[in-house]
Amino acid sequence: MEARLRNYASEFLSPKDILCEFDIDEKLAAGITNPEVRKNVLLIVKEAINNIAKYSSATNAMVSLRQQNQTILLSISDNGKGYAADNTRQGNGFQNMHQRCRQLNGQCNISSEQGNGVSVACVFPLAIISYKQ
């Protein structure tokens, strides 16, 4: 999973001179055997990286996937220009991230301040990561 995320980030962020750091719990990532969970996690990160490349004017981004008690915390952030939440219409990308999180029985929080980048934090239950036959 980390290799796929690194490739995607490199493809979209490198041409914009945005350095992307990763903090991926490899054991946790390897334990995500449910194909729906893998797909949704990858698509959430792809959407966030795409938004960073298109809109952020950032120099750095961070992707993190960690276990926190009985939940998984997925976070993607940048140090870009951000936006004033009351001033910006949230488009399909943000809606898709929220929807994918809900499909994982989780929640997605997208926060930003003008001049302080954007942070996407998704939390979903650890119990959903394994594929059960």
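The rules behind each value
Residues numbered from 1 in each chain as written. Predicted model: local features only at pLDDT ≥ 70, side-chain atom pairs only at ≥ 80, totals over all residues. Heavy atoms only, no water. Helix = DSSP H or I, 4+ residues; strand = E, 2+ residues; numbered from the N terminus. Rg over C-alpha atoms; globule rule 2.2 N^0.38 Å. Buried < 20%, exposed > 50% of the residue type's maximum accessible area, 1.4 Å probe, protein only. Pairing = 2+ DSSP bridges. Axes fitted to C-alpha atoms, helices over the stretch in contact; angles between N-to-C directions. Salt bridge = Lys/Arg side-chain N within 4 Å of Asp/Glu carboxyl O. Core = buried A, V, L, I, M, F, W, Y, C linked by side-chain atoms within 4.5 Å. Contact = heavy atoms within 4.5 Å.

Enquirer: Got a minute to help me understand the overall build of the protein in this structure?
Expert: The helix and strand inventory of the protein stands at four helices and five strands. Helices and strands appear in the protein in the N-to-C order α-β-α-α-β-β-α-β-β. Its C-alpha atoms give the protein a radius of gyration of 14 Å, within 12% of the compact-globule value 14 Å for 133 residues. Looking at the 133 residues of the protein, the share that counts as buried comes to 43%.

Enquirer: What's the story with the sheet that holds strand E2 (residues 60-68) in this structure? I'm lost.
Expert: The five strands are arranged E1-E2-E3-E5-E4 in an open sheet whose pairing can be described as mixed. Each having just a single partner strand, strand E1 (19-24) and strand E4 (107-112) make up the two edges of the open sheet. Averaged over neighbouring strand pairs, the angle between their axes works out to 10° when direction is ignored. Where E1 and E2 come together, six bridges link them in parallel fashion.

Enquirer: Hey, could you run me through the pattern of salt bridges in this one?
Expert: When their charged atoms lie close together, side chains carrying opposite charge are able to pair. What the rule picks out here adds up to four salt bridges. Ionic pairing is found between Asp 25 and Arg 66, a salt bridge with its closest N-O pair at 3.7 Å. Note that Asp 25 is positioned in the loop between E1 and helix H2 (26-31) and Arg 66 in strand E2, a separation of 41 residues in sequence. The class for Arg 66 is partly exposed, based on a relative accessible area of 31%. As a salt-bridge pair, Lys 39 and Glu 36 come within 3.5 Å of each other at their nearest N and O atoms.

Enquirer: Looking at this structure, I do not really get the pairing of strand E5 (residues 118-125). What am I missing?
Expert: Alternating residues of E5 divide into Val 118, Val 120, Cys 122 and Phe 124, all buried, and Ser 119, Ala 121, Val 123 and Pro 125, none buried. Judged from the seven bridges that link them, strand E3 (residues 71-78) and E5 form a sheet pairing that is antiparallel. Pairing of Leu 73 across the sheet is with Val 123, part of E5. Across six bridges, E4 lies against E5 in antiparallel orientation. Residue pairing in the sheet places Ile 110 in a bridge with Val 120 of E5. The hairpin formed by E4 and E5 contains five residues between the paired strands, and Gly 115 there has a positive phi angle of roughly 85°.

Enquirer: Looking at this structure, how should I read the nonpolar core?
Expert: For soluble globular proteins, nonpolar side chains are generally found buried alongside one another. Core analysis: the largest hydrophobic core is formed by 42 residues, its most contacted members being Leu 13, Leu 65, Leu 74 and Ile 76. Broken down by element, this core gets its largest block of residues, nine residues, from helix H3 (residues 35-56). Sequence-distant contacts of Leu 74, defined by excluding residues within four places in its chain, comprise Val 41, Ile 44, Val 45, Ser 64, Leu 65, Val 120, Ala 121, Cys 122 and Phe 124.

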